[in-house]
Structures are given as C-alpha cells and as structure tokens.
Amino acid sequence: MTNEYIKPPVEIRYKNELDALKSVDIGKKPENWVLSPKAVRTFILGGIIKTADGKMQIKRKFYGNDALVERCIITLAGNRGLMLVGEPGTAKTMLSELLSAACCGISTNTVQGTAGTTEDMIKYSWNYAMLLSKGPCREALVSAPLLIGMEQGIFARFEEITRTPAEIQDSLISVMSDQILNIPELENEGLVFAKQGFNIIGTANTRDKGVNEMSGALKRRFNFETVEPVRDVRLEKEIIIREAQDLAKTGHIDQPIDTDAAELLAVTYHELREGVTSEGTKLEKPNAVMSTAEAVSVFYQTMSSAYYYGDGKTDLKELTQNLLGAVCKENKDDLEKLKSYFRIAVKEKSASEGGIWTEYLDTAKYLK
Amino acid sequence: MDRISGYSQVSEIIPFDYSQPFLLFPVRHHSPVCSWQLIRAIKEYQPDVILIEGPENANDMIGVLTDERTKLPAAFYYYYKDRKKFISDEAEDYKCYYPFIYTSPEYNALKTAAAMGIEARFIDLPYSEILITTAENKGLRSNKDKHSYTDDSRLIYSKFCKKLCEKTDLRTFEEFWEKYFEIEGLRLSVQDFVQQMYTYCIISRNDETEDDLAADGTLARENHMALRIKEALKDNKKVLAVTGGFHSLGLYELLKSDNIQKEKLHKLSQKDEGCFPVAYSYEAADALSGYASGIQRPYFYDCVMNKLIHCDDPAGVYSDTVLDLLIGTVRACDKHDIPVSMADASAAQSMMSGLAALRGCHECGLYELEDAITSSFIKGEKTISSALPIDIMHKLATGDKTGHIGDINHVSPLIADFEEQCKRFRLKIKTVTPNKTEVSLFTTANGMELSRFFHRMVFLGTDFAQRTKGPDLHRRKDRSRVREEWVYKKVPATDVALIDHTADGFTIEEACRTCASRTLRHEKHCDVAAHILVDCFQMGLELSDDDKACAENILNSDGDFFSVGRGLRHFITLMELQQLYNTEFSAAENCAKRCMTRIITALPDMASVKDDHIAECAAIMYAMQKAVTDGFREYRQDYENALLSLCGKSDKDPFVYGTALGILYAFDPHRRKLAEQAMSSYLKGDRNVQIQGAEFLHGLFNAARDIIMTDDSFIRMTDTLICGLDYDDFIEILPSMKLAFSCFTPYEIQQTATAVAKLYDADSAELLVEKPINERLYSFGGEIDKEIVKLLSEEEKP
C-alpha cells in the first residue's frame, strides 16, 4: 500500500512498528492516546521491543535531541499546546507527524498555514446547499481540523502558523483556554467540548518569525521547543544515507548508496552551516538555508541523475551542480561563498586526504 | 577488562563486609549520596579510626574545618615553593585547593567522626610529595590556572563513561550520575550502594595503563595510603578508609598482596610548604568553574544534603529540592522582569514529573528541572537572550555564598596582612555598601601609603578598590591632580584573590613584588614591561637588580618600534614624577636611555609608516624630543641625524615628514628653509601631491607652531594651497587643515588672521568675527517677506 503514494502518512508508512508497539505496550496512557508516552518515545527515537514473534527493531526516526522529544511528549499529555520552532529543514514537520501518528494514530488532521488561511479553514465552514435547504444544523456543518480534533480527541496540526495573519492565529486562544468551541449558528447545540486527548501541535520557522509574530496571549498557551540543525557530521551523514535510501525505494531507484559521497556532502553542509572547517579555518556562511533536508534533496537528485542518465555511479560533477542550485537561490553572494569554500576548505582537504576530495575539488569549475 | 572478567560479582573483587577489620568506602567527591551512605556506614560499622584521602600535612587543620563556627564552602589551601628544585630546575611555586562543601563525603566523615568520638585523619602524601612524584603536565602539575586536589576527571571522562551515556540515552555524565547514583542510590542499602560504586569505579579504572597511573602520581599516592592503612590496622580493630572510588581497586590490591613499597619522603622546611584553611565560594567549588573538582551546581546538592541529614526517609528529598529551586527561579525571573506566570510554574512542575516518569526516575532531578524550564518558560525560539530563565536557574543552583573559617587563628597570612592594613588606614571592610575615600597624595605620608595600598590591591586583582579620580599615569592623564578618590568594598573575590596569591608572599607588598617579577620574567614586549614598572611606581615598589636586568633584557630584545616607543613615554613619565612622588625609581632612567638608543636607529624607517600608526609615531617623536631637551642631551645629535635621515627618505608620509621638519626647526630655527622648500614642493606637485600638503602642514604646525609667526611665507603658501584646489579637493583637505590650526593659542590665531587680512587688504576683525546684523533691519526684512507671501497667495486666488 505504501508504494502507491509519493509520501504515505506516518501511520501507514510505519504501520508495522506502530502495531507492534501497541501490542506490547503496557504503560499508562493519557486518555485517548494510542500508545503510552514510553512507547511513543521508542517509536520516535528507536529501540528494541520484545513481541510475540521475537525481538523487533524499531527504527530511529528523529535524530539530534532526545530530551526535546521527551519534552514534546510530556507537553502533549498536558494542557498546553506544542509549538515547534526552528530553521527550515530541521524536521519540525516530520516530528509533528510522528508525534501525531504515535499518540493519536493519525497524522493528517492538519491545517497548512498561509497568508490566505481563514478561520473557516481552521475551525469549521458550511455546506451552503444544505445550509440553504435545512438551515444551520450539524449536517450542514463542515468540520475543519480544529473541530475534528476536539470532537475526536486527537491532535490538530497547524503547520507554519506564523504565516497566517495574527487575528487568525488568535482565534486559537479561546479554544486552547477553555477547550470549548462555540458555533453560534447552532444555538443550544453549538457548544463543542474538546474530548480528552485533544491538543494542538504548531510549527513555525524562525526565518519567518517577523512575518506574523504570535501574540503574547497565544504564546502563553504553548510550550515552545526549538529544533536545532544536526550538529554532528557523522549523524548528518547517516540521515542523508537513510533518507536517500527511503526516497530511492519509493522512487523505484535500485541503486546502492555511495557513502563516501554522502559523507562529502554532509561535511560540506556542516562546514558551510557552522562557518568553520574541521581544520578550524573560518568560512563565510551562505545566506541560503543549509539544512539536512536540503542535503538529502541534493544527494537524491544526484542519485536519480546517475540512475537515469549515467552508469549508476554517483557523479561528483552532478553533485556539485546540484549543490550550486541548492545554495545559490536568492543571493548572488552565495555563489562567491561557495566558490570560496572550494578554494579554502576543499583544497585543504584535497591536499591532506586526497582521493574523493581531489575529485570534488576538480568539480569547482562548474561553479558559475 | 582482564582484571575483572573472571568474576561474576564485584564483591568477589573487593569485599565490603562489616565483620572485617578493614572497610574501604569508595566516594565521588562532593556527592550527597556518597556522604549519606558513608554516614550510615560509619554508624553501622562503628570503626575505631577513619582514614581519609587527603594530603596528611592538613591533619592539624581538621579541627578548624569541623569547628561549629566554620561555615562551608571552605577549603584547605596547600602551597609549595620548590626552592630545592625537587620538581624542576625552574624552582617554581605551586598551590592547590582541597574544597569542602556540605555534600563532601570527606567533610561528613570528619564531622561524624568528631560527633562519635572517633579518631579521623588524612592519609595521602603531603602536597609537595604528590608534586614531586607527578610527571610534568600530569595530575596536579597539569597546565591549568587553578588546581584542585579533588579532581574527578578520571571518573567522569573515561571511555566507559561515554559508552554509559550513549547506552542510557543520557546527555552527559552528570545526568547519568544524578539519575543512577544520586537519586537511585538513596533507595539502596549501604552494601548494595558500595558494590555499585565499586563496579563503576573499577570499570572506569580499567581504561588506565600502569604508566598513566605512575605519571600522575596515583601509584605513589596509593602506596603511601596503603602504608598508612597498614599502620592503622596494627593499632586498631576496625579501620574505615574513605577514598575516591578511583583508588579503591589499587588500594585493595596493594593491601591484599602486601606489595607495599617502603618510601622516603623529602625533608622540607616549613617556609617552603604549608597548608591553611580558607573560606571558599560555591562558584569556585562548581565543577564547571574550570576544573573537574567534583560535582556541578554545588549549592543545589548542598540543599539536598541538608534535607537528607534532617529527614528519616530520603524519599521525596529530590522532588522537594527541585521544587524549591523552581520557585526560586520564578521569583528571580520576576526580579529580572522576565514574564513567568504561576501557570508557567505549574506547567513546569507537570513537565518535571512527567519527564521523571517517562525516563524511569523515581524523582525529578536537576536535569528534569532544566528541561521543564526550557519547555515552559521560554516563549519563542531558544536564543541566548530568551534562555535567561535557564541561566538564572543555573546561577541559583550553583550558589553565590562564600564560607567562613570559624577559628581566626588560622587565616591566610595575606588576608591577615590585608585586615591589618585596613585597620591601620581605618578602612571599613565590614560594610555591605561601597565606601568612598579621598587620598591626598602629597600632603601627608599616610596619604601616599594608603594610595600605594589601594594600588597594590588593584594589582593583585582583588576587586577591592577602584580609583574614580586622580592621576592616571598609565594614560598620562590628570597628572596634575594631587588627590585620588577611591571606592572600596570587601567582596568574596577579595579573599579568594588574596588566597590565590599566598604562594607569592606572606605580605601584600611581597606578593605584589613577586607577581611583578614573575610577569616581567615572562614578558617580551617593552610597552607591557613599562606598564608593569608604572604599576610598581604607583605601588611604591623599587625593582630588584634581577628585575632591572630583566626589564633591560626585554628592551634589548623587543624589535617593535612602537612597543619600545610606548615604553619610552612611560619611562619619561616616571622620571618626571620621581621627585614629586618622593620615590627613588632609578630603573626608569636606565630604561628610558635604553629605549632612546633602540628607537633612534629605527626612526628613519618610520618615514613610510602605515596610516593607523601615524599619530603614534608622531607622539613617540615628541617624546624623544622632550627626552633630549630635558635630560638626555647626549642623544640630541643622534636624534637630529635620525630626523634628517628620515627627511631624506623618498617615500615619506607627509604628516610624519612635517613633524620631523617641525622638530628639526624647533632645535635649530635656521632649518626653516628646509620646511619652506618641502611645502613649496608640495604646492608644485599634481593634485594628489597638493592635497598631501595639508597633512604636511598639520604635522609641521603641531611640532613647531611659531614657524608661522616669524614671517608670512607659510601663510602665503597655505593660501596658495587653498586657492589652488577646487571645491571637492578643498572639502577633502578641510579636516587636516582644521587640525593643523587647532594647536594655536587664541593670540596666535589673532596674529595669523592679521597676516591673512594683510594679504587681502582686509580688516583682520572681519575675518574672525562676522558683523552683527541690525535687529531692526532683520525684523523689517521679515515683514517684507510676509507681505510678499500675502500678495502672492492673493494672486493665486481665482
């Protein structure tokens, strides 16, 4: 079933793991949760569980800060919403999907925040044909994610919350304070009480924080968690390899992963993001987002290109050109910074380590 | 692993049995659970003697530490002067602290022993012997600013620890320790706890090689401790030894095999080695303060210990203490205007409990609290500024109190000298607010002495006093002031700094002298050496012959013109002030002469100095001019030759060139021609050269103002320069021209104006002062203006 979709939802993609965890989960669960907090932790951070069929390895899905995941789980079990903030490409959305799928069994009850998001898209709207024929009644009501979450006792995910206008964001305040949604058109039947298990997971990226800053009142109703980029090169390499493998599987690209190229890319992204090479030389940081998600995208593009147009081997020329496309998007200066990275860092590594770094240095001529 | 792989139980390696005559109790320094279990063990085992890991030359001080009046944090301060060169040919001084807080197992062992009437003593090698047996850059001889005897780094940073943290999904060793030892250890029996400690410590030690252990003195120390334990076993039926867990296996194996080596300790005089108790601070006791001296956030754990001692059941102690800290953090946030509501505090409390349950902890600890604050108090992205609540919590958990030594007969000699001097000068040191005092430098001898005392305290970095007014000899400002104003207050850092300098001398004067000598010995730059000499001058310390030789060596070896030039300026200042300050400071004159010799030869090369050094170069040239005019006449000819040589260089900076010609003119007015020729050549040049003429005039007029007064040639040339430039170029040179004329007195400006007016057949008063406008005429103009506006607006109407 998972092969039918480009990106199946988490609860489908990891159905086996979720079922296995559910079958062995004896921990205490908050009302309406599918798994206990400990099992949710295992689902996201990985581990080994003993099932009736023997031991089963649960894959780690989120890398970086385990304590952050633990705090997220406890926040969601309480009466405050969870707001994940951080730079683009730091897996905020993925974490929110994983949490929703593990806690509620569903990760698709989502509002995507944009400048055009209205209250209707968050709370409810009407089936106007039915509204005209029957008047305001429950049948004519079209539930939006917030109402669905409240009625079913599941999480409502609000992506990119700061992209929506401030007054729309603030419509969440009363719901989060009182856990009641009033639909005045339904008169006496219009009060919807949130069922146990309801909560909101918001995400916001810090580069857009100035677009529509959240009000203090709304902030008070959330616990904030800042998701940082992965700081460990080794870990970043692992993520690139794992994600590229998954994407290749979904895209039916039957090709082994070039781990050396993955390491090269992980080092490049890490050093450009931190603004310093592993040898301690200072670098100019590009303005572009140097996230692990971007690195995965660059690597997968290179893999696809090699699979469809090449001999299946990773071509560093392609890698460099894809890197160029990913880094030099908005700012002209980024091209110079990337060139300078090759002149300084790659050259230094080529001299000390040789091999693939020398090949990589040769591709600098394509940076234009 | 070889040593331990053959055993199924750790008790098979090191037994812990109350029926045995000897018990070895392993501890981690400053660990509350170790202290709590140790107190239980002492009460259950009832030993005849308790032997504690610690340099045995502090045995006489045990009573001071356990004195009821003594408040922790306190420390034993050890010092050793290697005059006999047992350690190295450098004959250096060494010092280290052995800190105690209420969670320290060693302190609790001493205190419990005193309460139960049991003899207790330290059994480690004296501090000097530890140093002598330690290899360079290892252990207490490692390259750190501050050394602690209770360094736990081997227990904390072993490969085993890293693996443990990875395996248990915990961020740091401290988090691991709190979860599995501090909190869970309270639920164990003494025997089970000790076995758990042994397991951990034995595996940690397994990473170490015999060579490593020998190099940092561990083997020699364990041999000595084993000797002392063996001696105690002869005279006592029950002996309890309390040592760092790292030594447990080594000690047990030595005692079991009876392979203890005989030793011979070095004979040292009392002057070279010593120990005394000192007040210590929680900030310094924190393992995060720069050296691994036990536990992090010591005040938090002291609060835990306090609750443990006063309760029958340890359950809930951590949760209570963490809650207290949470409430304290909320209050402190309020004081810092950080909006934290009770709802946030309540959310944090739920978060702590939830995290503890999720992580399988029986109680919340410090790390659950930190996570709870991160999640509930930080609104928005976590940044340095938004994470302030965490910093506040860390500060509260670290503590800011300073201890107190109850027995005043055992204070550090420097603190004693400080208190005596404060008494002599009637300085108030027991006030909580800063005190202000005015010091007359030259009317009474006492005033100068007090000023020197304050300067000495500043030099030692004690944070005791700060000069708010008075002559600043380092910057050569306010030299004419005859009074100094000082603000002083005794703060905890004062004691700490004085204690730190104990190895430097037993009086403040001696410590300053030693510090100054040491700094000079390690210095390579003339300007810094001169700075130290100014400090010495202000402190009233005449340099020893060695220091003078050292200073001269620095001058000889420093090849930086500017460093030597800056030094010269300092030395000239000191020479000038010797008489006024009634101080013999012969070093200044010798050093100034040596500086002159060095920089005269280098001066011609300054002709094309870089832009950012031009002003300083001129300042040094003036200083040299002053030196040869006032005192060092023997250097005048060389100086003039150097200036002439500079003027003869091809690629000269115009400002430096102007300054050089100005100084030469000041020495000999007949050299006016040289300056005129130089200026006229600037005028004859192209646009860029002409612009440089302004800088030349700036340098020239600054060095020789009167050159413009003798005749009008420079005024004419200045006029030619200004008139020959277009508007943009004039704007470009305007700043330099303004600076060139800024050095003149009002009378000289008047004279210049007269000369300029003569040039244009004008009245000099017109040039300097614009004619005032007639008030009636001004108001009449205003009225006409209004009328015009009125008429125009009427015309515009259709």
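Source: prediction; values computed, not measured.

A.B. asks: Could you give me a rundown of the domain arrangement of chain A, with the residues and numbers involved?
C.D. replies: Residues and elements named next belong to chain A. Domain parsing of chain A yields domain 1 (63-227) and domain 2 (233-366). With centres defined by C-alpha atoms, the gap from domain 1 to domain 2 works out at 36 Å. Each partner contributes residues to the interface: domain 1 has 5 residues there, and domain 2 has 7 residues. Here the residues of the side of domain 1 that touches domain 2 sort into 2 nonpolar, 2 polar and 1 charged.

A.B. asks: Quick rundown of the sheet that holds strand S3 (residues 74-81) of chain B? Include the residues and the values.
C.D. replies: Residues and elements named next belong to chain B. Overall, antiparallel pairing links the 3 strands, which are arranged S4-S3-S7 in an open sheet. Bordering the open sheet on either side are strand S4 (93-100) and strand S7 (273-279), each of which pairs with just one other strand. Within this sheet the neighbouring strands show an average axis-to-axis angle of 20°, counted without direction.

A.B. asks: If you had to explain helix H8 (residues 173-183) of chain B to someone new, which residues and values would you point to?
C.D. replies: Across the 11 residues of H8(B), 9 count as buried, placing the element largely inside the fold. Those residues of H8(B) that sit buried are Glu174(B), Glu175(B), Phe176(B), Trp177(B), Glu178(B), Lys179(B), Phe181(B), Glu182(B) and Ile183(B).

A.B. asks: Outline the pairing of S4(B), listing residues and values.
C.D. replies: Residues and elements named next belong to chain B. Burial analysis of S4 places 6 of its 8 residues in the buried class, which makes it a mostly covered element. Both S3 and S4 contribute to a ladder of 8 bridges, which runs antiparallel. Directly across from phenylalanine 76, in S4, lies its bridge partner tyrosine 98.

A.B. asks: Explain the pairing of strand S1 (residues 47-51) of chain A to me, and be specific about the residues and the numbers.
C.D. replies: Counting buried residues in S1(A) gives 0 out of 5 residues, a small share hidden from the surface. Linking S1(A) back to strand S2 (residues 54-58) of chain A in an antiparallel pair, the connection comprises 2 residues.

A.B. asks: Residue-level account of the interface of chain B and chain A, with values.
C.D. replies: The interface of chain B with chain A comprises 18 residues on the first partner and 21 residues on the second. Counting only elements with at least two residues in the side of chain B that touches chain A, the list comes to helix H16 (342-358) and helix H17 (366-377) of chain B. Along the lines of polarity and charge, the residues of the side of chain B that touches chain A split into 5 nonpolar, 6 polar and 7 charged.

A.B. asks: Account for the packing of helix H29 (residues 654-667) of chain B against helix H31 (residues 687-703) of chain B, with residues named and values stated.
C.D. replies: Residues and elements named next belong to chain B. For the pair H29 and H31, interaxial distance at closest approach is 7 Å and the crossing angle is 35°. Note on packing geometry: the crossing formed by H29 with H31 is right-handed. Contacts between H29 and H31 involve Pro654, Phe655, Val656, Tyr657, Gly658, Thr659, Leu661, Gly662, Ile663 and Ala666 on the former and, on the latter, Gln692, Glu695, Phe696, Leu697, His698, Gly699, Leu700, Asn702 and Ala703. Across the contact of H29 with H31, the residue classes break down as 11 nonpolar, 7 polar and 1 charged.

A.B. asks: Lay out the packing of helix H24 (residues 545-557) of chain B against helix H26 (residues 586-602) of chain B in plain terms, naming residues and giving numbers.
C.D. replies: Residues and elements named next belong to chain B. Look at H24 against H26: their axes get within 10 Å of each other, and the N-to-C directions meet at 15°. Classified by the angle their axes make, H24 and H26 are roughly parallel. H26 is crossed by H24, and the crossing has right-handed handedness. Contacts from Lys548, Ala551, Glu552 and Leu555 in H24 reach Ala587, Asn590, Cys591, Arg594, Cys595 and Arg598 in H26. Counted by class, the contact of H24 with H26 contains 5 nonpolar, 1 polar and 4 charged residues.

A.B. asks: A description of helix H3 (residues 37-45) of chain A should follow, citing residues and the corresponding values.
C.D. replies: Most of H3(A) sits inside the fold, with 8 of its 9 residues counted as buried. Among all positions of H3(A), only Pro37(A), Lys38(A), Ala39(A), Val40(A), Arg41(A), Thr42(A), Phe43(A) and Ile44(A) are buried. Summarising the contacts, the buried residues of H3(A) are in contact with helix H2 (15-24), S1, S2, helix H4 (66-77) and helix H5 (92-104) of chain A together with H16 of chain B. Of the residues flanking the end of H3(A), it is Gly46(A), one or two places downstream, whose phi is positive at about 85°.

Cut-off values and rules
Residues numbered from 1 in each chain as written. Chains lettered and ligands numbered in written order. Predicted model: local features only at pLDDT ≥ 70, side-chain atom pairs only at ≥ 80, totals over all residues. Domains from an automatic or database assignment. Contact = placed C-beta atoms within 7 Å. Nonpolar A, V, L, I, M, F, W, Y, C, P; charged D, E, K, R; others polar. Pairing = 2+ DSSP bridges. Helix = DSSP H or I, 4+ residues; strand = E, 2+ residues; numbered from the N terminus. Axes fitted to C-alpha atoms, helices over the stretch in contact; angles between N-to-C directions. Buried ≥ 20, exposed ≤ 12 C-beta atoms within 10 Å, placed from the backbone. Left-handed = near helix turned anticlockwise from the far one by under 90°. Parallel < 35°, antiparallel > 145°, perpendicular 65-115°, else oblique.

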